[in-house]
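# A closer look at the structure
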Amino acid sequence: METNGINKIHGLEGDGDLQFLLTGGDLLKVRSSSWKKTRYFKLQDDCKTLWYESQRTFFKSNPAFSIEDISAVRPGRHSEGLQKYTEEQVGPRCFSIIFKGRRKNLDLIASSEEEARRWVVGLEKVITSTKGLDRQLKTEHWIFNCMRKADKNVDDKLTQKELKDLLLFMNMEVEDDYAEILFKQCDASKSGYLSGAEIERFYELLTQRPEIDVIYSEYARTTGLMSAADLQQFLVQEQREEATLADAHAIIDKYEPDEKVKEKKLLSKDGFLIYLNHPESVVLSPTHATLYQDMSQPLSHYFISSSHNTYLLEDQLKGPSSTEAYIRALLLGCRCVELDCWDGSDGEPVIYHGYTLTSKILFKDAIQAIHEYAFKTSEYPVILSLENHCSVEQQQVMAQHMSSILGPALLTQPLGHTMPTCFPSPEDLKRRFIIKGKRLNKLEAAFSPEAAADNADYDAVSEDSEEEEEEEEEERKKKRLKLAKELSDMVVYCKSVHFNGFADARDNLSFYEMSSFKEGKALELAEESANGYIHHNVDKLSRIYPAGSRTDSSNYNPVPFWNAGCQIVALNFQTRCADMSLNQGRFLVNGRSGYVLKPSYLRDAASEFDPITLTRGPWLKHKNLHIMVISGQQLPKVKAKKTSIVDPVVRVEVQGVPADVAVKETACIDNNGFNPAWNESFTFDVHVPELALVRFVVEDYDSASDNEFVGQYTLPFSSLQMGYRHVPLLDQNGDLLPSSGLFVHIMVVDA
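Here we summarise the structure given alongside this text. Predicted model only: the values in this text are computed from it and were never measured. (Residues numbered from 1 in each chain as written. Predicted model: local features only at pLDDT ≥ 70, side-chain atom pairs only at ≥ 80, totals over all residues. Heavy atoms only, no water.)

### Here's the deal with the overall build of the protein chain
Note the following rule: Going along the chain from the N terminus, every DSSP run of H or I of four or more residues is numbered as a helix, and every run of E of two or more is numbered as a strand. Burial classes follow relative accessibility: with a 1.4 Å probe on protein chains only, a residue under 20% of its type's maximum area counts as buried, one over 50% as exposed, and anything between as partly exposed. Note on contacts: a residue pair is in contact if any heavy atoms of the two residues lie within 4.5 Å. Method for areas: the Shrake-Rupley scheme with a 1.4 Å probe, in which residue coverage is limited to the protein chains shown.
Scanning the protein chain from terminus to terminus reveals 25 helices and 32 strands. Taken over 751 residues, the protein chain has a buried fraction of 56%. Expressed as a percentage of contacts within the protein chain between residues at least 6 apart in sequence, the contacts between residues at least 24 apart total 68%. For the protein chain, the exposed surface amounts to about 31600 Å²; the carbon and sulfur share of it is 49%.

### Some words on the pairing of strand 23 (residues 568–571)
So the rule is basically this: By the convention used here, strands pair only if DSSP detects at least 2 bridges between them.
Where burial is concerned, the two faces of strand 23 agree: the one with I568 and A570 and the one with V569 and L571 are both buried. In this sheet, strand 23 lies alongside strand 12 (residues 302–307) in parallel orientation, the contact comprising four bridges. Pairing of S307 across the sheet is with L571, part of strand 23. Two strands pair when backbone bridges link them, and strand 22 (residues 542–545) and strand 23 are joined in this way by two bridges, in the parallel orientation. What sits directly across from R543, in strand 23, is I568.

### Some thoughts on the nonpolar core
For clarity, the threshold we go by: We call a set of buried Ala, Val, Leu, Ile, Met, Phe, Trp, Tyr and Cys residues a nonpolar core when their side-chain atoms join them within 4.5 Å.
Ranked by size, the top nonpolar core spans 103 residues in total, and within it L339, L384 and M402 carry the most contacts. No other element matches helix 16 (residues 363–373), which puts six residues into this core. If you look at the next biggest cluster of nonpolar residues, it comprises 26 residues, including C47, I70, V120 and V126.

### As for helix 9 (residues 210–219)
In an α-helix, one full turn covers 3.6 residues, which means residues spaced three or four apart are oriented alike. Under the convention used in this document: The reported arc concerns the directions from the helix axis to the C-beta atoms and nothing else.
The complete set of buried residues in helix 9 reads E211, I212, I215, Y216 and Y219. Each buried residue of helix 9 sits inside an arc of 130 degrees when the element is viewed along its axis, so together they form one side. Exposed and facing more than 90 degrees away from the buried side of helix 9 are P210 and V214.

### Thoughts on the sheet that holds strand 1 (residues 25–30)
Just so we agree on the cut-off: Angular values range over 0 to 180 degrees, each being the angle between N-to-C directions of two axes fitted as lines to C-alpha atoms, with helices fitted over their stretch in contact.
In space, the seven strands of this open sheet follow the order 4-3-2-1-7-6-5, with antiparallel pairing throughout. Both outer strands of the open sheet, strand 4 (64–66) and strand 5 (70–75), are each paired with one neighbouring strand and no more. Direction aside, neighbouring strands of the sheet carry axes that sit 30 degrees apart on average. Taken together, the three bridges between strand 1 and strand 7 (residues 106–109) define a ladder with antiparallel strand orientation. Note on strand 7: the bridge partner recorded for K29 is L108. Most of the contacts of helix 4 (residues 113–131) go to strand 5, to which it runs at about 155 degrees, and overall it touches strand 1, strand 2 (36–43), strand 3 (49–53), strand 5 and strand 6 (94–99).

### Section: the environment of Q732
Selection criterion: We define a polar contact as two N or O atoms separated by no more than 3.5 Å, with the added condition that, inside protein, one atom must be a possible hydrogen donor and the other a possible acceptor, whereas residues neighbouring each other in sequence contribute only through side-chain atom pairs.
With respect to the helices and strands, Q732 occurs in the loop between strand 31 (723–730) and strand 32 (736–750). Looking at Q732, the relative accessible area reads 38%, which means it is partly exposed. Taking the C-alpha atoms as reference points, Q732 and A578, 154 residues apart in sequence, are found 9.0 Å from one another. A polar atom in the side chain of Q732 sits 3.4 Å from the backbone oxygen of R576.

### Quick look at the pattern of salt bridges
A side chain with one charge can pair with a side chain of the opposite charge if their charged atoms come near. Using the following cut-off: Salt bridge criterion: a side-chain nitrogen from Lys or Arg within 4 Å of a carboxyl oxygen from Asp or Glu.
Tallied over the full model, the rule gives 28 salt bridges. Taking the shortest distance from any N to any O, the salt bridge between K262 and E259 comes out at 3.8 Å. Residue K262 and its partner E259 are located together in helix 12 (residues 259–263), separated by three residues, close to a single helical turn. Across the pair E427 and K430 runs a salt bridge whose closest N-O atoms are separated by 3.4 Å. Judged by its relative accessible area of 35%, E427 falls in the partly exposed class. Where salt bridges share partners, they join D15, D17, R118 and K125 into one cluster.

### Examining the packing of aromatic side chains
Spelled out, the test is: Aromatic contacts are taken between Phe, Tyr and Trp rings whose centres are within 6.5 Å, Trp giving its six-membered ring; a plane angle under 30 degrees counts as stacked, one over 60 as edge-to-face, and the others as tilted.
Applying the stated criterion across every chain, the model contains 27 aromatic pairs. Ring centres of F65 and F99 lie 4.9 Å apart, and the angle between their planes is 90 degrees; on these two criteria the pair is classed as edge-to-face. Of this pair, F65 sits in strand 4 while F99 sits in strand 6, placing them 34 residues apart in sequence. The pair formed by F65 and F99 is uniform in burial state, with each residue classed as buried. Relative to Y275, the ring of Y255 has its centre 5.4 Å away and its plane inclined at 55 degrees; by these criteria the two rings are tilted. Of this pair, Y255 sits in helix 11 (residues 245–255) while Y275 is found in helix 13 (residues 269–277), placing the two residues 20 residues apart along the sequence.

### Topic: the environment of N572
Examined against the element boundaries, N572 turns out to sit in the loop between strand 23 and helix 25 (578–586). With 243 residues separating them in the primary sequence, N572 and A329 have C-alpha atoms 9.7 Å apart.

### Structural notes on unusual backbone geometry
A positive phi is found at R240, a non-glycine position, where the angle reads about 55 degrees. Locating R240 in the fold gives a position in the loop between helix 10 (228–237) and helix 11. Given a relative accessible area of 47%, R240 falls into the partly exposed group. The phi torsion at R431 lies on the positive side, around 60 degrees, for a residue other than glycine. With respect to the helices and strands, the residue R431 is situated in the loop between helix 17 (392–406) and strand 17 (433–437). Look at R431 and you get partly exposed, because its relative accessible area is 41%.

### Focus on the side chain of Q655
Secondary-structure assignment places Q655 in strand 26 (residues 648–655). Discounting chain neighbours no more than four positions away, the residues touching Q655 are N557, V559, L582, V661, L691, A692 and L693.

### A closer look at helix 25
Burial of helix 25 is extensive: eight of the nine residues sit out of reach of the surface. Within helix 25, the full set of buried residues consists of D579, M580, S581, L582, N583, Q584, G585 and R586.

### Considerations on the packing of helix 16 against helix 17
Our working rule: Angle categories are assigned with fixed cut-offs, so that under 35 degrees is roughly parallel, over 145 is roughly antiparallel, 65 to 115 is roughly perpendicular, and the rest are oblique. Take the far helix as the reference: if the near one is turned anticlockwise from it by less than a right angle, the crossing is left-handed, and if turned clockwise, right-handed.
The contact between helix 16 and helix 17 brings their axes to 10 Å, and the two run at 25 degrees. With respect to helix 17, the axis of helix 16 lies roughly parallel. The handedness of the crossing between helix 16 and helix 17 is right-handed. Contact residues: helix 16 offers F363, K364, I367, Q368 and H371, while helix 17 offers M398, H401, M402, I405 and L406.

### Remarks on the environment of T223
Looking at the secondary structure, you find T223 in the loop between helix 9 and strand 10 (226–227). Taking relative accessible area as the criterion, T223 reaches 73% and is therefore assigned exposed. Residues T223 and L266 lie 43 residues apart in sequence; the distance between their C-alpha atoms is 9.9 Å.

### Some words on the side chain of D700
Here D700 is to be found in strand 29 (residues 693–700). D700 sits in the buried class, given a relative accessible area of 6%. A polar contact of 2.8 Å, which involves the side chain of D700, links it to the backbone nitrogen of D647.

### Considering the packing of helix 10 against helix 11
Worth spelling out the cut-off: Side-chain classes follow a simple rule in which Ala, Val, Leu, Ile, Met, Phe, Trp, Tyr, Cys and Pro form the nonpolar group, Asp, Glu, Lys and Arg form the charged group, and the remainder, Gly included, forms the polar group.
In the contact formed by helix 10 and helix 11, the axes pass within 8 Å of each other and the chain directions differ by 110 degrees. The angle between the axes of helix 10 and helix 11 places the two elements in the roughly perpendicular class. Listed contacts from helix 11 to A228, A229, L231, Q232 and L235 of helix 10 are L245, A248, H249, I251 and I252. Here the residues of the contact of helix 10 with helix 11 sort into eight nonpolar, two polar and no charged.

Printed below as a string of structure tokens:
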């Protein structure tokens, strides 16, 4: 595998911006006001690694990072570091490289505006091209990189010792005898090393997929190849797709790499594997990956992707607050963000976790970041949940900043010319911002000149905080907050009120008056009064938030609250964990819009559904889910040590109503993260499929302590594709592991 073939894989051969990156150049790296140093940056020939140094001496010890580690490249002086440590005039020459996970941004200044533009455009091209590679090409890239690491003397040859190292890099431990056999099989020249075609032969042996061979041979009935009729039969019988002969022909045209085979309208084994690796063939239904749901129903009829303490990057005692945290949440499709607002110096309100050592950010900077990134992933409305601890004067400043920065996108009065009786829809509210907070009066006052005329510039309301929701009436009366009219008037569809029970809410609250519930209180209601909670959530919004005792910003399981129809189930997006993976799985579908339509029985005011008791009704659609975990591909190491090899075990979970919750686990495969094979089958009983999530988890087995996380993938039960499917894997941060995955067989039948 030669380096010059990699550019062709990207489809960027001859591209001027790519050549610019491959040549490289000096950039000023900014860490603080006193630490600004010139570094020479260069894209390596593999087009997968960006590498830099202090002088042009090209030592191997120079730092480097993978293109796949980059989350985004942002032009301009927008990062907190650049705003803090540079002058405004250098803005056009600035750009930032944002990394996945918790790695710090790389803030850079180019020598000219044009040079900064070329770096940004070039990097974006390479990132987009890398993302566009199918799994097979990503596997080639991955193996190629492992070969580069193993080839110690960089002579494009592999000795037997280097081959053993290569297998270790690839997370595969083999006996010396087997490594020797493999080496001799490929060393046709008997030279004692592998080069050229011998390395290609070694690559072919490594990437054999015997499980795919078995499936292919069963259907390849036309001179050892698949005809369109053979492929159609496979799609109908195995994949349970309503495929026509024309569909089969289209697949052959699209995926068959051998032109001579394609001319005969046949599909080779390579073409079959490329098709199975393509996004449209993986476990997630391609229809459900797009915006496929009705978006014209009232806002209360949707689950809404929601964040708690959005401003934090880490824990809520001493962790940093950052505008970057808002950007990350919004780019993940979050549609409800929280702003904890306090009086700051110089008359400027700040955001931080009050009475703790968390750092502070300016309110206006957070609003600017929200305005810039709110609608890049989803066009549907963003709710700004204000926890307001500010003086009247600084509340007025808050209102002024939101009005000037968000402009006409900020909703300051109900849609239409008459008092509404229910929420507008996400479709009605596209690209709009909705404020959630305290309001001095009823919304009806907006349509009553007399009532509006009586309003003072401010008045006292109960303090706007999560803690206030838990306090007794007498305590709340003592802790009064003066609320500025300017801020109050911006609260339209999400007026915060205290919860005094379902009967009181039904009789005395308007649809736009909503309550926040600490997880413990909400869980009690979801378990003991689930049907009442469901009725409440048909026409009113409920927000759930983590207990204050979670000072480490840990999360709770969101599923019981979705089962009770709660819409705004706020999680700590900064803490990646099993609970956040469930949230990511719930909102993986519907175009990642951050809005998922609740099942009909959670939108019906007369619904008799109860997730705990499961009485008979349209929600009961008992299914048997059969999953065979067949194999894994290129599972990553969990320890950096070269000799560390994964012992993978796969856990399959169903989360949903209590009757459906189940966990099954495979045996452990010793010392093989490269191509482990399990061939183990599991069956799950699923009674309420519309609320169920299926989670695939891969762990590194450890007999002496807890298993270590390798990767996971979660999706709604109703979005599963049947048949033989690849399951992508996400890392702890929720980012795709480029060449890793599972191969499974899925069947759903009526019970």
